[in-house]
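Structural characterization, general
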Number of protein chains: 2
Amino acid sequence: MHVSPNVETRPFRKLCADHGLAATHQRQVLYEVMQTMPGHPSPEEVYARVKKRIPAISLATVYKNIHLFVERGVLKEVSMHHGSLRVELNSHLHHHMVCSHCKAITDIEEKDLGVLPTLQRLPGGFQVERYAIDVIGICAACQKAKRG
Amino acid sequence: MHVSPNVETRPFRKLCADHGLAATHQRQVLYEVMQTMPGHPSPEEVYARVKKRIPAISLATVYKNIHLFVERGVLKEVSMHHGSLRVELNSHLHHHMVCSHCKAITDIEEKDLGVLPTLQRLPGGFQVERYAIDVIGICAACQKAKRG
DNA sequence: TTGACGAACAATAATAATTATCGTTTACTA
DNA sequence: TAGTAAACGATAATTATTATTGTTCGTCAA
Ligand SMILES: [Mn+2]
Ligand SMILES: [Mn+2]
Ligand SMILES: [Zn+2]
Ligand SMILES: [Zn+2]
């Protein structure tokens, strides 16, 4: 009797191939661990879980691969993380365009967004204060830079 | 001839009174400096500006007062800053409710939001990838805690 | 299957961001 | 104007993230 090898591994290998990534053991475990984490974990939390299966893994490896997965669209970043807190005084109702490449933040009027947020009572009795809409994409400067 | 004192100071003192804050010199300068910063500065950037007018100010004071101003609604936080990067695998189109008190993040379906962003070409030739909508407010647990 | 080679890894140092501590000063109130 | 709590400055500590470097591993062609 013969069993084809890598049965459970195949989908992950394909995912890596599709994204131009080497299929390493660390990446596979990171990916599998993320599948079991339905919330919005931090790199440290992911590291703690991965470490259970690969005790020798380095935190730096987790960070690098999380960034890589986000870059390639395997993982998604919750809200936009700018490395540090950002504040503004501008009390005029507006939202933001955030460049996923250079992280530049630009104001945008609500009316220019084509959205009409209806303040309402949301699931779980969540009491709404305001909406913060981030339009994520590529700014004009980065578009130009990518071409030539 | 007599000139009433604190002429320029009055609006700031009122702002503090309205928010239950002591009207300190440091807070006044921080507030005035923010009025001249139209972008989305980090605490370090604010500190650099304030330091020009109060060379002896401590970075910790800037941090503390920025947090205080955000808490009282004088300043607004751009995007939601969770202290660390947060990621998720969930590729299903959805958004988030974020508690401004405990910072808990909960998923919410786009259809439950009552907002319909229309993907379009935005000002400045910004190329849209996706919308990330954070509904900011108070979660049920924190509402309960605040009452009794 | 094997060997060369570049990519990825672990260990760890370094840096950046934020918070805590504590002695001193200041603003508010009576 | 004095008492008191709050705020401040200095700085240590903590937390988050990135850089460096020598070693190991995955890929691909023979
Ligand atoms: Mn803005
Ligand atoms: Mn989510
Ligand atoms: Zn950009
Ligand atoms: Zn809460």
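See the structure printed just above.
Conventions we followed
Residues numbered from 1 in each chain as written. Chains lettered and ligands numbered in written order. Predicted model: local features only at pLDDT ≥ 70, side-chain atom pairs only at ≥ 80, totals over all residues. Heavy atoms only, no water. Donors = N, O, S within 2.8 Å, 3.2 Å for Na, K, Ca; no water. Helix = DSSP H or I, 4+ residues; strand = E, 2+ residues; numbered from the N terminus. Buried < 20%, exposed > 50% of the residue type's maximum accessible area, 1.4 Å probe, protein only. Tetrahedral: all angles 85-135°; square planar, octahedral: opposite > 155°, others 65-115°. Least-squares fit on C-alpha atoms with pLDDT ≥ 70 in both. Contact = heavy atoms within 4.5 Å. Buried area = accessible area lost by both parts, 1.4 Å probe. Salt bridge = Lys/Arg side-chain N within 4 Å of Asp/Glu carboxyl O. Polar contact = N/O pair within 3.5 Å; in protein donor to acceptor, adjacent residues only side chain to side chain. Nonpolar A, V, L, I, M, F, W, Y, C, P; charged D, E, K, R; others polar. Pairing = 2+ DSSP bridges.

Okay, the coordination of the manganese ion (ligand 1) next. Around the manganese ion (ligand 1), the protein supplies A:E88 (OE), A:H94 (NE2), A:H96 (NE2), A:D107 (OD) and B:H40 (NE2) as donor atoms, at distances of 2.1 to 2.3 Å. Here the residue A:H94 occupies a position in strand β3 (residues 94-99), and B:H40 occupies one in the loop between α2 (25-35) and α3 (43-53), the pair thus bridging two chains. For the pair formed by A:H94 and B:H40, the shared burial category is buried.

All names here are of chain A. At this site the zinc ion (ligand 3) is bound by C99 (SG), C102 (SG), C139 (SG) and C142 (SG), with donor distances of 2.3 to 2.4 Å. What the four donor atoms of the zinc ion (ligand 3) show is an angle range of 107 to 114° at the metal, which sorts the shape as tetrahedral. Mapping the donors of the zinc ion (ligand 3) onto the primary sequence yields the spacing C-x2-C-x36-C-x2-C. On the basis of relative accessible area, C102 is assigned to the partly exposed category, the value being 39%.

This part takes up the relation of the copies chain A and chain B. Look at the two chain copies: a rotation about an axis and a shift along it is all it takes to match them. Once chain A has been moved 0.0 Å along the axis and rotated by 179°, it coincides with chain B to within an RMSD of 0.2 Å. Interpreted geometrically, this transformation is the action of a two-fold axis. Minimal C-alpha distance to the rotation axis in chain A is attained by A:I133, lying at 2.3 Å. In this assembly, 99% of the residues forming the interface of chain A have copies in chain B that are likewise at the interface, indicating an isologous arrangement.

If you look at the interface, chain A gives 68 residues, while chain B gives 67 residues. Considering only the surface of chain A that becomes buried against chain B, A:K76, A:L85 and A:L89 emerge as the three largest contributors, covering 13% of it. For the interface between chain A and chain B, the tally reads zero salt bridges. Inspection of the chain A/chain B interface yields 31 residue pairs in polar contact (both at pLDDT 80 or more). Of all elements in the fold, only α2 (25-35), α4 (59-72), β1 (76-77), β2 (87-88), β3, β4 (105-109), β5 (127-138) and α5 (140-147) of chain A reach the threshold of two or more residues within the side of chain A that touches chain B. With twelve residues, β5(A) is the single largest residue contributor to the side of chain A that touches chain B. The class makeup of the residues in the side of chain A that touches chain B is 34 nonpolar, 24 polar and ten charged. By the bridge criterion, two bridges tie β1(A) to strand β2 (residues 87-88) of chain B in an arrangement that is antiparallel. Bridge pairing in β2(B) places A:E77 opposite B:V87.

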